[in-house]
Amino acid sequence: MLQFRIDEELCIQCGECAEDCPAAVISMDEYPIITNEEGCYRCQHCLAICPTGAVSILGRDPEASTILDGNMPDPARLETLIKGRRSVRRYNKKDLDPGLIDELLDIASHSPTGVNAQAVLFTVVREGAVMKGLREEVMAELTKLNDEGKLPEGLVTQYIGMAVEAWKEAGKDIIFRDAPHLLITSAPQDSPCPVQDTHIALTTFQLMAHAKGVGTVWDGMFMMVLSLLPDLVKRLGIPENHSVGYAMVFGEPAVEYHRTVQRGPASVNIVK
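These numbers come from a predicted model, not from an experiment. Residues take numbers from 1 onward in each chain, read along the sequence in its written order. At least 70 in pLDDT is required for a residue's local features to be given in this predicted model, at least 80 for side-chain atom pairs to be given and counted, and no such filter applies to totals for whole chains, interfaces and linings, which use all residues. Side-chain figures throughout are based on the complete set of non-hydrogen atoms in the structure, without hydrogens or water.

Chemist: Whenever I open this one, the packing of aromatic side chains confuses me. Can you help?
Modeler: The relative placement of two aromatic rings is captured by the distance of their centres and the angle of their planes. Between 30 and 60 degrees the pair is tilted, below 30 it is stacked and above 60 it is edge-to-face, where a pair is any two Phe, Tyr or Trp rings, Trp via its six-membered ring, whose centres lie within 6.5 Å. Enumeration over the complete set of coordinates arrives at three aromatic pairs. Centre to centre, the rings of Phe-176 and Phe-222 are 5.3 Å apart; their planes meet at 45°, and the pair counts as tilted. Residue Phe-176 is located in the loop between helix 6 (155–170) and strand 6 (181–188), and its partner Phe-222 is located in helix 8 (residues 220–228); the two are separated by 46 residues in the primary sequence. There is no split in this pair, since Phe-176 and Phe-222 are both buried. Between Phe-205 and Phe-250, the ring centres sit 5.2 Å apart and the planes meet at 70°, which makes this aromatic pair edge-to-face. Of this pair, Phe-205 sits in helix 7 (residues 194–211) while Phe-250 sits in strand 8 (residues 242–251); the two residues are 45 residues apart in sequence, bridging distant segments of the chain. By the burial criterion, Phe-205 is buried, and Phe-250 matches it. Helix and strand definitions here come from DSSP, where helices need a minimum of 4 consecutive H or I residues and strands a minimum of 2 consecutive E residues; each element is numbered from the N-terminal end. Buried, partly exposed and exposed residues are distinguished by accessible area as a fraction of the type maximum, computed with a 1.4 Å probe on protein chains only: under 20%, between the cut-offs, and over 50%, respectively.

Have a look at this one:
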C-alpha cells in the first residue's frame, strides 16, 4: 500500500505533485489522487515538491524531512570537498563509532538508482576484530595460491604476488591498508543498472565520509582478490544473484592533507 495521504488543511491545490510525478500516476480532482498504485516509482517526488508539506506517501511524515531552503551546502565548500578528497592508505587501527557508520550508510542509501530500483546492498565490516580475521584469512589463501604457483599470469599476479611478498616479509598489508572497516556494494543482476548504481552509492558514501573526517580508498586490490577467491563472495554473505560493484576500505585517517591538488583542464568533447 502506498498510503498516499493529503492534508486538506495544508493543501493549496497547486498541482505540483501531479505535474512533477515521473510515473504520471497522480492527477488532480479537488485534491491530488493516485490513479495507479502499481505504477508508482516510490520516489517521493510528490512529498519533496509539496510547498506546504501536505503530501504524505509510504507512511512518511513530511515534518520528518529536512527543509532544503537555507540548508543546502555552500558551493565553494562543496568544491573544496570534491577537490580536497584524497585516497587514504594510512589508517589508525581503531574502530569508528558504529553510529557514525550507520549514519553514513543511511545517507548513501539516498543515492540515485536506475528506475529508482533502490536495490543496492551495503555489505560492511563494522568491527576491526572481524576485519583482522578477514585479512588473515584472505592473505593465507593468497599465500597458498602463490606458493603453489596457481596465480594466473598477468597484471593480477603481479600485484597480488607483490602483496603476498610484502605480507610474508614484513607483515605489510597493501590489500586492505590496515583499515578497520570494509564496504562492498552489490545489486541484483536483474535490476536496471546494477553496477552503475553500486558505484554511485559508493561515491556518495565516500564524499559524506570525508566530510565527516573519515578516510576511504577504492580498493582495486580487493577486487582482484574476489576474482581469485570467488567463494569469498558467498563467505561475505553477498547473494548469488548479485553483481558486485566495487569495494572500499575506510576508517580514521592516520594522515592529514592540507590543500587541494591541481588537475585539469577537463578533457571535453563538445557536440555540434
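Chemist: So what exactly am I meant to see when it comes to the pattern of salt bridges here?
Modeler: Where side chains of opposite charge bring their charged atoms close, a pairing between them can arise. By definition, a salt bridge exists where a carboxyl oxygen of Asp or Glu is found within 4 Å of a side-chain nitrogen of Lys or Arg. Following the criterion strictly, the structure yields 10 salt bridges and no others. For Asp-178, the salt bridge goes to Arg-135, with nearest N and O atoms at 3.9 Å. Of this pair, Asp-178 sits in the loop between helix 6 and strand 6 while Arg-135 sits in helix 5 (residues 128–147), and the two are 43 residues apart along the sequence. Taking relative accessible area as the criterion, Asp-178 reaches 25% and is therefore assigned partly exposed. According to the relative accessible area criterion, Arg-135 is buried, its value standing at 9%. Bridged by salt links that share partners, the residues Arg-135, Asp-173 and Asp-178 form one connected network.

Chemist: Honestly, helix 6 in this entry has me stumped. Any pointers?
Modeler: Every α-helical turn comprises 3.6 residues, leaving residues that sit three or four positions apart pointing alike. One fewer than the residue count of a helix, multiplied by 1.5 Å, yields its expected span. The end-to-end C-alpha distance of helix 6 is 22 Å, a good match for the 22 Å that 16 residues give at a rise of 1.5 Å each. The complete set of buried residues in helix 6 reads Ile-160, Gly-161, Ala-163, Val-164 and Ala-166. By definition in these notes, contact holds between two residues if any of their heavy atoms fall within 4.5 Å. Residues of helix 6 that are buried sit in contact with helix 5 and helix 8. Just past helix 6, the residue Gly-171 takes up positive phi, approximately 65°.

Chemist: Got a minute to help me understand the nonpolar core in this structure?
Modeler: The tendency in soluble globular proteins is for nonpolar side chains to be buried as a group. Working definition of a nonpolar core: buried Ala, Val, Leu, Ile, Met, Phe, Trp, Tyr and Cys residues. They are joined through side-chain atoms within 4.5 Å. Counting 34 residues, the largest nonpolar core has Leu-142, Ile-160, Ile-175, Leu-182, Phe-222, Val-225 and Leu-232 as its most contacted members. When residues of this core are traced back to their parent elements, those giving at least two are helix 5, helix 6, strand 6, helix 8 and strand 8. Setting aside residues up to four positions removed in sequence, Leu-232 forms contacts with Leu-134, Glu-137, Val-138, Phe-222, Val-225 and Leu-226. Phe-4, Cys-17, Ala-18 and Ala-54 belong to the second largest nonpolar core, which has 17 residues in total.

Chemist: Quick question: what am I supposed to make of helix 4 (residues 98–108) here?
Modeler: For helix 4, the set of buried residues is Ile-101, Leu-104, Leu-105 and Ala-108. Looking straight down helix 4, one finds its buried side chains confined to an arc of 95°; they lie on one side. Between the side-chain oxygen at the start of helix 4 and the backbone nitrogen of Gly-99 there is a gap of 2.6 Å, and the oxygen is on Asp-97. The directions considered for the arc run from the helix axis to the C-beta atoms. Nitrogen and oxygen atoms within 3.5 Å of one another constitute a polar contact, given that in protein one can donate a hydrogen and the other can accept it, and given that sequence-neighbouring residues count only through two side-chain atoms.

Chemist: Just to check I follow, could you spell out the sheet that holds strand 6 for this structure?
Modeler: Within a sheet, neighbouring strands are paired by backbone hydrogen bonds and run either parallel or antiparallel to one another. Within the open sheet, the four strands sit side by side as 5-6-8-7. Their pairing is antiparallel. Where the open sheet ends on each side, the last strands, each with one partner, are strand 5 (121–125) and strand 7 (215–218). Neighbour to neighbour, the strand axes of the sheet diverge by 25° on average, direction disregarded. A pair of strands counts as paired when DSSP detects no fewer than two bridges linking them. By the bridge criterion, eight bridges tie strand 6 to strand 8 in an arrangement that is antiparallel. Within strand 8, the residue paired with Ser-186 across the bridge is Val-244. In this analysis, axes come from line fits to C-alpha atoms, helices being fitted only over the stretch in contact, and the angle between any two N-to-C directions falls in the range 0 to 180 degrees. On the sheet, helix 4 packs against strand 5, strand 6 and strand 8 and is oriented at approximately 160° with respect to strand 5. The sheet contacts of helix 8 involve strand 6, strand 7 and strand 8, and relative to strand 8 the element is tilted by about 140°.

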